[in-house]
Amino acid sequence: MSVANATDLGRVTLSGYSNQPTAANTAINPADNQELFRFVLTSYNQELNVERLKLTAVGSIQTADLQNLKLYISGTQVGSAIQLTNTANGNIADFDLSGSPLVIPKGGAKTVSLRGDIKNGSTRTFYFSFQNQQDLTVKDNSYNVYVEPYAAGSWSAIKPDGNYQVSTGTLSVARSTDAPTQDVAVDANNVVLGAWDF
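Residues numbered from 1 in each chain as written. Predicted model: local features only at pLDDT ≥ 70, side-chain atom pairs only at ≥ 80, totals over all residues. Heavy atoms only, no water.

Visitor: Could you give an account of the overall build of the protein, naming the residues involved and the relevant values?
Guide: Across its full length, the protein holds zero helices and 16 strands. Since a compact globule built from 198 residues should have a radius of gyration of about 16 Å, the 25 Å found for the protein marks it as more spread out than a globular shape. Taken along the three principal axes of its C-alpha coordinates, the protein extends 105 × 30 × 30 Å. Total accessible area on the protein is roughly 11200 Å²; 45% of this is exposed by carbon and sulfur atoms. On the protein, the mean spot of the 13 positive side-chain charges and the mean spot of the 17 negative ones are 8 Å from each other. (Helix = DSSP H or I, 4+ residues; strand = E, 2+ residues; numbered from the N terminus. Rg over C-alpha atoms; globule rule 2.2 N^0.38 Å. Areas by Shrake-Rupley, 256 points an atom, 1.4 Å probe, with all protein chains shown as cover. Lys, Arg positive; Asp, Glu negative; His and termini not counted. Charge placed at Lys NZ, Arg CZ, Asp CG, Glu CD.)

Visitor: How would you sum up the sheet that holds strand 5 (residues 66-73)? Please name residues and give values.
Guide: In a beta sheet, neighbouring strands are held together by backbone hydrogen bonds and run either parallel or antiparallel to one another. Judged by pairing direction, the sheet is antiparallel, and its five strands sit side by side in the order 1-3-10-5-6 without closing on themselves. Lying at the two open borders of the sheet, with one neighbouring strand each, are strand 1 (11-15) and strand 6 (76-82). Direction aside, the axes of adjacent strands within the sheet are offset by 25 degrees on average. Here strand 1 runs beside strand 3 (residues 34-44); their pairing, made up of five bridges, is antiparallel. The residue bridging Arg-11 from the neighbouring strand is Tyr-44, located in strand 3. (Pairing = 2+ DSSP bridges. Axes fitted to C-alpha atoms, helices over the stretch in contact; angles between N-to-C directions.)

Visitor: So, the environment of Leu-9: which residues are in play, and what are the values?
Guide: With respect to the secondary-structure elements, Leu-9 resides in the segment before strand 1. Put simply, Leu-9 and Asn-45 are 36 residues apart on the chain and 6.3 Å apart in space, counted from C-alpha to C-alpha. If we skip the residues at most four places from it in the chain, Leu-9 touches Tyr-44, Asn-45, Gln-46, Asp-140, Tyr-143, Val-145 and Val-147. (Contact = heavy atoms within 4.5 Å.)

Visitor: Tell me what's going on with the pattern of salt bridges, and back it up with residues and numbers.
Guide: Throughout the structure, instances matching the rule amount to five salt bridges. Between Asp-32 and Lys-119 there is a salt bridge, with the nearest N and O atoms lying 3.0 Å from each other. Placement of Asp-32 in the loop between strand 2 (26-28) and strand 3 and of Lys-119 in the loop between strand 10 (109-118) and strand 11 (125-129) is noted, with a sequence separation of 87 residues between them. A residue is classified by how much of its surface remains accessible, and Lys-119, at 38% relative accessible area, is partly exposed. The partner of Glu-35 in a salt bridge is Arg-38, and the shortest N-O contact between them spans 2.9 Å. (Salt bridge = Lys/Arg side-chain N within 4 Å of Asp/Glu carboxyl O. Buried < 20%, exposed > 50% of the residue type's maximum accessible area, 1.4 Å probe, protein only.)

Visitor: Describe the nonpolar core, listing the residues and the values that go with them.
Guide: Membership of the largest hydrophobic core comes to 36 residues, with the highest contact counts inside it found for Leu-41, Phe-126 and Phe-128. Here this core takes five residues from strand 4 (residues 48-58), the largest share from any one element. (Core = buried A, V, L, I, M, F, W, Y, C linked by side-chain atoms within 4.5 Å.)

Visitor: Explain the pairing of strand 11 residue by residue, including any values.
Guide: Looking along a regular strand, one sees the side chains alternate between the two faces of the sheet. For strand 11, a buried count of five out of five residues is recorded, marking the element as mostly surrounded by other parts of the structure. By the alternation rule, side chains of strand 11 split into Thr-125, Tyr-127 and Ser-129 and Phe-126 and Phe-128, which are all buried. Alignment of strand 4 against strand 11, held across three bridges, turns out to be antiparallel. Across the sheet, Val-58 pairs through a bridge with Tyr-127, a residue of strand 11. Sheet topology places strand 11 next to strand 14 (residues 164-166); two bridges connect them, and they run antiparallel. Note on strand 14: the bridge partner recorded for Phe-126 is Tyr-164.

Quick look at the structure:
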């Protein structure tokens, strides 16, 4: 029996993720459709199909704080919005692309952006990462085999240099323009004493 070794098996690398963000406790305001993480997938040797991207939200953030997570590929949303899921391995955003895989041409690259709505979480921290090699499912289209998402036989978590901290909310209180200013009669009932705008 003979064994064939493919020297041009497809390979994928990740880059551009270290600055999302770069500093510890980088302030981020609660708002919809915020960019939460970004990275570049680059193909070598063969055309590749990316069938799954599973991201972990690391930090004190809770699942209800981040909602409607979406993937954008080179500026265009792919698939539907999903929600964070609390599992034994952390808060997970699991994007199943197997029904319509992301195709990266041989020698090509795709910029992937994770966006979502920050609804709550004042002072809580988070960053997104690929914790394990199984978090990316990538297939070589020429050889029809799955390839490992790392080089030189080793894996380390794909994560930014810093983390985000959800900004503290503020509350402003002011006397309403229609607040009463006249004197109040003694023994009067149901008298409006003041009004404030929040």
